[in-house]
Amino acid sequence: MADERGAALLRGGLSSPRTTFLELFFDLVFVFALTRVSQRIIDDLSVVRQDLLAEITQTLVIFLAFWAVWTFTAWVTSRYEPERPEIQFVVVYSMLGSMVMAVATPRAFDSRGLAFALAFVAVQVGRPLFLTLALRGHPRRLVTMRVVAWAVMSAVPWVLGAVFTGSWRLACWSLAVLVDYAGLMFGWPVPRLGATRTSTWGVLGEHLAERYQQFFLIALGENILIIGLSFSGYSFSGASSGAFLLSFVTTVLLWRIYFHRAGHLLTEAIRVADRPGRLGESVSWTHLVIVAGVLATAVGYELAIVHPYQRTEPSWAVFMMGGPAIFLVARARFEYEIFGRVSRSRVVGVLALAALVPVVTRTATVLALAAAAAVLAAITVADYRRALGHAPERPRPAL
């Protein structure tokens, strides 16, 4: 009987692959959270700091913590029936913890470190623990038990880091993130129980694919917020208006490049893959880098809108050119995952952006933003010309 109650939580053959309204509600928190992450970097670049690298590393740790919360929730709702009250509780519980983390993010390495760490630990430990209890005697509770063990292990440096300050907090939290992602990468191995790689999980592939597409749109939503808030808070000068328009166009180009062929066919690729879980696991890592590139690009938006005439600092150029370059590198991998090949335009685009870094440091920020937009526009044109007159390509997952 206990086994049957636990089995009722799992996705069945009649389960709908569509994202639920609760999951979309959950995503709204991450629009706000990603804005807080980007704003941390913008604040660091806008003020002369001797420890800029450490500040950016801190923001990276925070971003990885948010990604860990979101991606595991996506796997939960793809593995378990999201309409069940128990799973809805898990989503709402994760949503609350994420909101606390987002509110604490601006001062996570200052006065709100304990709030950030405790919220993260509460989600990472409480979520699999609740699932373990809900599954009762079902064999799959061994999976969540492994996850609990690793979450408890990473909780130690998370909480310990919150007690310390400065470089010690960064060291502890960096170690904690490494533990969290090592568990995810190697399947949370536990003595006697072994490991359980997500690539072997029975998930609803169409749902998982849709969730990653939606998170990419969340990142673009964060870009729109950055553009709007930056432009509305300053005078409508000609250069700022130009930077505003370029930022919007760049965001549209990121959307176009992502969804061109590969982005549209992700759902079908997972459906036809021999091992959907393995492709889903690979795609999750790829989207982590794609979103990181989109967030880095958003940093360049505000710098160009607020300081359109200012000469581009080297650290600014790293984000204004590096953000789109990171996106293109990850998008190239994404293309390989779906089709088993990489378009030449992606490689040329990355090389062009890298070559432009020393050039744009001699120009105004608005011109640097225009250069990055021009590279992305050229890739979009190349995509259009290559597709013109050819039948739509079908997915051939390389994995």
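Predicted model, so just to flag it, every value in this text is computed and none were measured.

**Some points on the overall build of the protein chain**
Turning to step 1, where the next piece is worked out: Along the protein chain, the regular secondary structure elements total 14 helices and zero strands.
Turning to step 2, where the next piece is worked out: Compactness check: the protein chain gives a C-alpha radius of gyration of 22 Å against a globular reference of 21 Å for 399 residues, within 12% of the reference.
Turning to step 3, where the next piece is worked out: Referenced to the eigenvectors of the C-alpha coordinate spread, the extents of the protein chain come out at roughly 70 × 60 × 35 Å.
Turning to step 4, where the next piece is worked out: Looking at the 399 residues of the protein chain, the share that counts as buried comes to 55%.
Turning to step 5, where the next piece is worked out: Summarising the internal contacts of the protein chain: among those between residues at least 6 apart in sequence, 81% fall at separations of at least 24.
Turning to step 6, where the next piece is worked out: As displayed, the protein chain offers around 17000 Å² of accessible surface, 67% of which is attributable to carbon and sulfur atoms.
Turning to step 7, where the next piece is worked out: Positive and negative side-chain charges in the protein chain, numbering 35 and 25 respectively, have mean positions lying 4 Å apart.

**Focus on the packing of aromatic side chains**
Turning to step 1, where the next piece is worked out: Tallied over the full model, the rule gives 26 aromatic pairs.
Turning to step 2, where the next piece is worked out: Judged by centre distance (5.5 Å) and plane angle (65°), the ring pair of Trp-70 and Tyr-212 falls under edge-to-face. Residue Trp-70 is found in helix α3 (residues 52-79), and its partner Tyr-212 is found in helix α8 (residues 205-232); the two are separated by 142 residues along the sequence.
Turning to step 3, where the next piece is worked out: Measuring from centroid to centroid gives 4.7 Å for Tyr-258 and Phe-259, while their planes differ by 85°, and the two rings are edge-to-face. Here the two residues Tyr-258 and Phe-259 agree in accessibility, since each one is buried.
Turning to step 4, where the next piece is worked out: Pairwise contacts between aromatic rings join Phe-26, Phe-30, Phe-66, Trp-67, Trp-70, Phe-109, Phe-116, Phe-120, Trp-158, Trp-173, Tyr-212 and Phe-215 into one cluster.
Turning to step 5, where the next piece is worked out: The lysine or arginine in question, Arg-169, covers the ring of Trp-173, its NZ or CZ lying 5.6 Å from the ring centre.

**Here we look at the confidence of the model for the protein chain**
Turning to step 1, where the next piece is worked out: Of the residues in the protein chain, 94% have a pLDDT of 70 or more, and the chain-wide mean is 89.
Turning to step 2, where the next piece is worked out: Within the protein chain, the lowest mean pLDDT, 61, falls on helix α1 (residues 2-7), and the highest, 96, falls on helix α4 (residues 85-104).

**A word on the nonpolar core**
Turning to step 1, where the next piece is worked out: The biggest cluster of nonpolar side chains holds 106 residues, and the ones touching the most others in it are Phe-30, Phe-66, Trp-70, Phe-116, Trp-158, Trp-173 and Phe-327.
Turning to step 2, where the next piece is worked out: Not counting chain neighbours up to four residues away, the residues in contact with Trp-158 comprise Val-61, Ala-65, Phe-116, Ala-117, Phe-120, Val-121, Trp-173, Ala-176, Val-177 and Asp-180.
Turning to step 3, where the next piece is worked out: Val-76, Ala-134, Leu-135 and Trp-188 belong to the second largest nonpolar core, which has 16 residues in total.

**A closer look at the packing of helix α2 (residues 21-46) against α8**
A pair of packed helices is captured by two measures, namely the crossing angle of their axes and the spacing between those axes.
Turning to step 1, where the next piece is worked out: Interhelical geometry of α2 versus α8 gives an angle of 45° and a closest axis separation of 9 Å. By the angle class used here, α2 and α8 are oblique. For α2 against α8, the interelement crossing comes out right-handed. When α2 is examined against α8, the residues Glu-23, Leu-24, Phe-26, Asp-27, Phe-30, Val-31, Leu-34, Thr-35, Ser-38, Gln-39 and Ile-42 are found in contact with a partner set consisting of His-207, Arg-211, Gln-214, Phe-215, Ile-218, Ala-219, Gly-221, Glu-222, Leu-225 and Ile-226.
Turning to step 2, where the next piece is worked out: Among the residues forming the contact of α2 with α8, the class breakdown is eleven nonpolar, six polar and four charged.

**Quick look at the environment of Arg-278**
Turning to step 1, where the next piece is worked out: As for its placement among the helices and strands, Arg-278 is situated in helix α11 (residues 276-306).
Turning to step 2, where the next piece is worked out: Judged by relative accessible area, which is 36%, Arg-278 ranks as partly exposed.

**Overview of unusual backbone geometry**
Turning to step 1, where the next piece is worked out: Positive phi, close to 75°, is recorded for Arg-192, a residue that is not glycine.
Turning to step 2, where the next piece is worked out: In this fold, Arg-192 is placed in the loop between α7 (166-186) and α8.

**Notes on a nonpolar patch on the surface**
Turning to step 1, where the next piece is worked out: A cluster of nonpolar residues, Leu-217, Ile-224, Phe-244, Leu-245, Phe-248, Val-249, Val-252 and Trp-255, forms a patch on the protein surface that exposes about 680 Å² of accessible area.
Turning to step 2, where the next piece is worked out: Looking at the nonpolar patch, the elements with two or more residues in it are α8 and α9 (238-263).
Turning to step 3, where the next piece is worked out: Take the nonpolar patch: its biggest share by element is six residues, from α9.
Turning to step 4, where the next piece is worked out: Structurally, Ile-224 is set in helix α8.

**Observations regarding the pattern of salt bridges**
Turning to step 1, where the next piece is worked out: According to the stated counting rule, one finds nine salt bridges in the structure shown.
Turning to step 2, where the next piece is worked out: Residue Glu-335 pairs with Arg-341 through a salt bridge whose shortest N-O separation is 2.5 Å.
Turning to step 3, where the next piece is worked out: We classify Glu-335 as buried; its relative accessible area is 3%.
Turning to step 4, where the next piece is worked out: Between Asp-383 and Arg-346 there is a salt bridge; the shortest N-O distance is 2.9 Å. Of this pair, Asp-383 sits in helix α14 (residues 365-387) while Arg-346 sits in helix α13 (residues 344-360); the two residues are 37 residues apart in sequence, bridging distant segments of the chain. Each member of the pair, Asp-383 together with Arg-346, is buried.
Turning to step 5, where the next piece is worked out: Connected through salt bridges with shared partners, the residues Glu-23, Asp-27 and Arg-211 form a single ionic network.

**Comments concerning the side chain of Asn-223**
Turning to step 1, where the next piece is worked out: Along the chain, Asn-223 falls in helix α8.
Turning to step 2, where the next piece is worked out: We classify Asn-223 as buried; its relative accessible area is 0%.
Turning to step 3, where the next piece is worked out: Excluding its chain neighbours within four sequence positions, the residues that come into contact with Asn-223 are Thr-251, Leu-254, Val-294, Ala-298 and Tyr-301.

The rules we used
Residues numbered from 1 in each chain as written. Predicted model: local features only at pLDDT ≥ 70, side-chain atom pairs only at ≥ 80, totals over all residues. Heavy atoms only, no water. Helix = DSSP H or I, 4+ residues; strand = E, 2+ residues; numbered from the N terminus. Rg over C-alpha atoms; globule rule 2.2 N^0.38 Å. Buried < 20%, exposed > 50% of the residue type's maximum accessible area, 1.4 Å probe, protein only. Contact = heavy atoms within 4.5 Å. Areas by Shrake-Rupley, 256 points an atom, 1.4 Å probe, with all protein chains shown as cover. Lys, Arg positive; Asp, Glu negative; His and termini not counted. Charge placed at Lys NZ, Arg CZ, Asp CG, Glu CD. Phe/Tyr/Trp six-rings, centres within 6.5 Å; stacked < 30°, edge-to-face > 60°. Lys NZ or Arg CZ within 6 Å of the ring centre and 35° of its normal. pLDDT = per-residue confidence, 0-100. Core = buried A, V, L, I, M, F, W, Y, C linked by side-chain atoms within 4.5 Å. Axes fitted to C-alpha atoms, helices over the stretch in contact; angles between N-to-C directions. Parallel < 35°, antiparallel > 145°, perpendicular 65-115°, else oblique. Left-handed = near helix turned anticlockwise from the far one by under 90°. Nonpolar A, V, L, I, M, F, W, Y, C, P; charged D, E, K, R; others polar. Patch = residues over 30% accessible without salt bridge, like charges linked within 9 Å, V, L, I, M, F, W, Y side chains within 5 Å. Salt bridge = Lys/Arg side-chain N within 4 Å of Asp/Glu carboxyl O.

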